[in-house]
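# An overview of the molecular structure
Here is how the chains run, residue by residue.
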Protein chains: 2
Amino acid sequence: MTMKMRIVLIGAGRLATNLGAALRQQGQEIVQVYSRTMASATALAQRLEAAATDSLADVVTDADVYIVSVKDSALAQLLPELCKGREEGVFLHTAGSMPLSVFDGYARHYGVLYPMQTFSKERLVDFSRVPLFIEGADQYALDMAETLARMVSGEVRQLSSADRRHLHLAAVFACNFANHCYELSAEILERHGIPFSVMLPLIDETAAKVHTMSPREAQTGPAVRFDENVMQAQMQLLAGQEQARHIYEEMSRSIYLTASGLQEK
Amino acid sequence: MTMKMRIVLIGAGRLATNLGAALRQQGQEIVQVYSRTMASATALAQRLEAAATDSLADVVTDADVYIVSVKDSALAQLLPELCKGREEGVFLHTAGSMPLSVFDGYARHYGVLYPMQTFSKERLVDFSRVPLFIEGADQYALDMAETLARMVSGEVRQLSSADRRHLHLAAVFACNFANHCYELSAEILERHGIPFSVMLPLIDETAAKVHTMSPREAQTGPAVRFDENVMQAQMQLLAGQEQARHIYEEMSRSIYLTASGLQEK
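These notes cover the structure that comes with them.

Criteria and cut-off values
Every chain's residues receive numbers from 1 upward, in the order its sequence appears when written. Here every chain gets a letter starting at A, and every ligand a number starting at 1, in the order they are written. Where totals are concerned, whole chains, interfaces and linings use all residues; where local detail is concerned, this predicted model gives features only for residues with pLDDT of at least 70, and gives and counts side-chain atom pairs only at 80 or more. Helix and strand assignments come from DSSP, with helices taken as H or I runs of at least 4 residues and strands as E runs of at least 2, each series counted from the N terminus. It is the C-beta atoms, placed from the backbone, that decide contacts: two residues are in contact if theirs lie within 7 Å. Strands are treated as partners if at least two bridges between them are detected by DSSP. Interaxial angles span 0 to 180 degrees and are taken between N-to-C directions of axes, which are lines fitted to C-alpha atoms, for helices over the stretch in contact. Put simply, a residue is buried when 20 or more other C-beta atoms lie within 10 Å of its own C-beta and exposed when 12 or fewer do; between those, it is partly exposed, and each C-beta is set from the backbone. To line up the copies, we fit them by least squares on C-alpha atoms, keeping just the residues with pLDDT of at least 70 in both. Gly counts as polar in this scheme, as do all residues outside two lists: the nonpolar Ala, Val, Leu, Ile, Met, Phe, Trp, Tyr, Cys and Pro, and the charged Asp, Glu, Lys and Arg.

### Thoughts on the overall build of chain A
- Scanning chain A from terminus to terminus reveals nine helices and eight strands.
- If you line up chain A on its principal axes, its C-alpha atoms span 65 × 40 × 35 Å.
- For chain A, restricting intrachain contacts to residue pairs at least 6 apart in sequence, the fraction spanning at least 24 positions comes to 56%.

### Here's the deal with the sheet that holds strand E3 (residues 51-53) of chain A
Residues and elements named next belong to chain A.
- Strand order in the open sheet formed by eight strands is E3-E2-E1-E4-E5-E6-E7-E8, and the pairing between neighbours is mixed. What marks the edges here is a single partner per strand, and that holds for E3 and strand E8 (156-158). Across the sheet, the mean angle from the axis of one strand to that of its neighbour is 25 degrees, orientation sign disregarded.
- With four bridges connecting them, strand E5 (residues 90-93) and strand E6 (residues 109-115) associate as parallel partners. Bridge assignment links leucine 92 to a residue of E6, and that residue is glycine 111.

### Observations regarding the environment of Asn18(A)
Residues and elements named next belong to chain A.
- Mapping asparagine 18 onto the fold places it in helix H1 (residues 14-25).
- Here asparagine 18 falls in the buried class, since 24 other C-beta atoms lie within 10 Å of it.
- When the C-alpha atoms of asparagine 18 and glutamine 241 are compared, they prove to be 36 Å apart, with 223 residues separating the residues in sequence.
- Leaving out residues up to four positions away in the same chain, asparagine 18 has contacts with Phe119, Leu124, Val125 and Phe127.

### A closer look at the relation of the copies chain A and chain B
- You can overlay chain A on chain B at an RMSD of 0.0 Å; the transform is a turn of 180 degrees with a shift of 0.0 Å along its axis. Such a turn and shift between the copies fits a two-fold axis. The rotation axis passes nearest to the C-alpha of Ala178(A) in chain A, at a distance of 2.2 Å.
- Comparing interface residues between copies, 100% of those in chain A also sit at the interface in chain B, which points to an isologous, same-surface contact.

### Overview of the interface of chain A and chain B
- Each partner contributes residues to the interface: chain A has 84 residues there, and chain B has 84 residues.
- Those elements giving two or more residues to the side of chain A that touches chain B turn out to be helix H3 (72-83), helix H5 (161-191), helix H6 (200-209), helix H7 (215-218), helix H8 (228-237) and helix H9 (242-259) of chain A.
- When residues of the side of chain A that touches chain B are assigned to their parent elements, the largest contribution, 25 residues, is made by H5(A).
- In the side of chain A that touches chain B, the residues fall into 40 nonpolar, 26 polar and 18 charged.

In structure tokens form, the structure reads like this:
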């Protein structure tokens, strides 16, 4: 049995693009895409064979579910106008850091559908492996979040707003900060005319290792063995790159403290 | 045509274990393994069907090549005794940070064979994809380094000692520091009873993305869009974890400065 729902996407960014494509692939109907600018609403609506609008007043009132994927700072501003007159629908936001309660006083049925992944518009991810974390203010909203989530992913968990904040913080470390380490690495290579592609096998293996051992067990390098000569010499290579040097220092100290068991847990 | 060489491994750590296994797989003979402790010399020697010793005086004098994979701090100490009386052999070290000149005055034929990868004893990597960087003090040593390197890997490049130091520094960022970001992520999850396995698809995608776009283009998250509310709230979640909070602050600042073009290059 397949449930067919009328879905509206509020927001047309990277997350909406990937989630919309995954829902469309499961035969769901995306009836409309709203974005602040008509250009981005249209760009995504065309990919999903949906209508486009840049006016909240024109968002259809009879959708089953409104999936709200906008910048955190825009979310609270947009809800009063969006929810009004659409009380029969279920409202789901997709943000790791925003609590369920952001909907309080605006919507009747509401919840959260947080896909923990890093998205690009150009590169659609395989949604079936994306862990989805759901929450609902009432059973109806929770069921809706779960139904949508299970359509697109095999990894669905219920999680409270409080725990989701910590999950999102953990994702910032594992994704955004790890990627920034790649970026700083790329800058060093670039300054010495070495192509970044030589680093890819190491990056891949570093990620692959933590599938079979903990990151703590997987750690190697000068800081974990507290090789002061190498660390001093590497700090000197970073003279003039103050930001990278601060990061080198903080990371090395933290790696050493963790490895030696001196780190506060 | 296959050249068969008599190889001695000086050191029995993670790198020696992986390189030794790769050479053995190519039909090369590892005649002997030296380590400071007999236990680790024996453990690796058995895997490679080689003899084991914990005495430099007992290292054979007629090997074609001595591959020295010991801690940087031990390397210079060990060379005078190791090289003496073995002047016909080629000496290769495998360290990213040590210059070729560490052999000056001790060996006649010497060079570097630096495999840029993170190794474990338990998990043998596919050496054919490991980038190897070689250097030689004379043509004989360079040829030996290249011959060995091409036996085990399809990615062999010649690189000067000066550039190799920067390459190694870049590897510390892309591997050790990225892995420490995983570790800090794992600690946050552990405190909230969430299994680290939920983070693996995100870690994999973060690594996969930089195969098709630059790390700068791939960056997402609160810091790159300078979402101050999220960043402030996440800093508060880290109250009590001072080291992690320092890293959060430095990384966020650096991501923002880079994205906005304000970072010194």
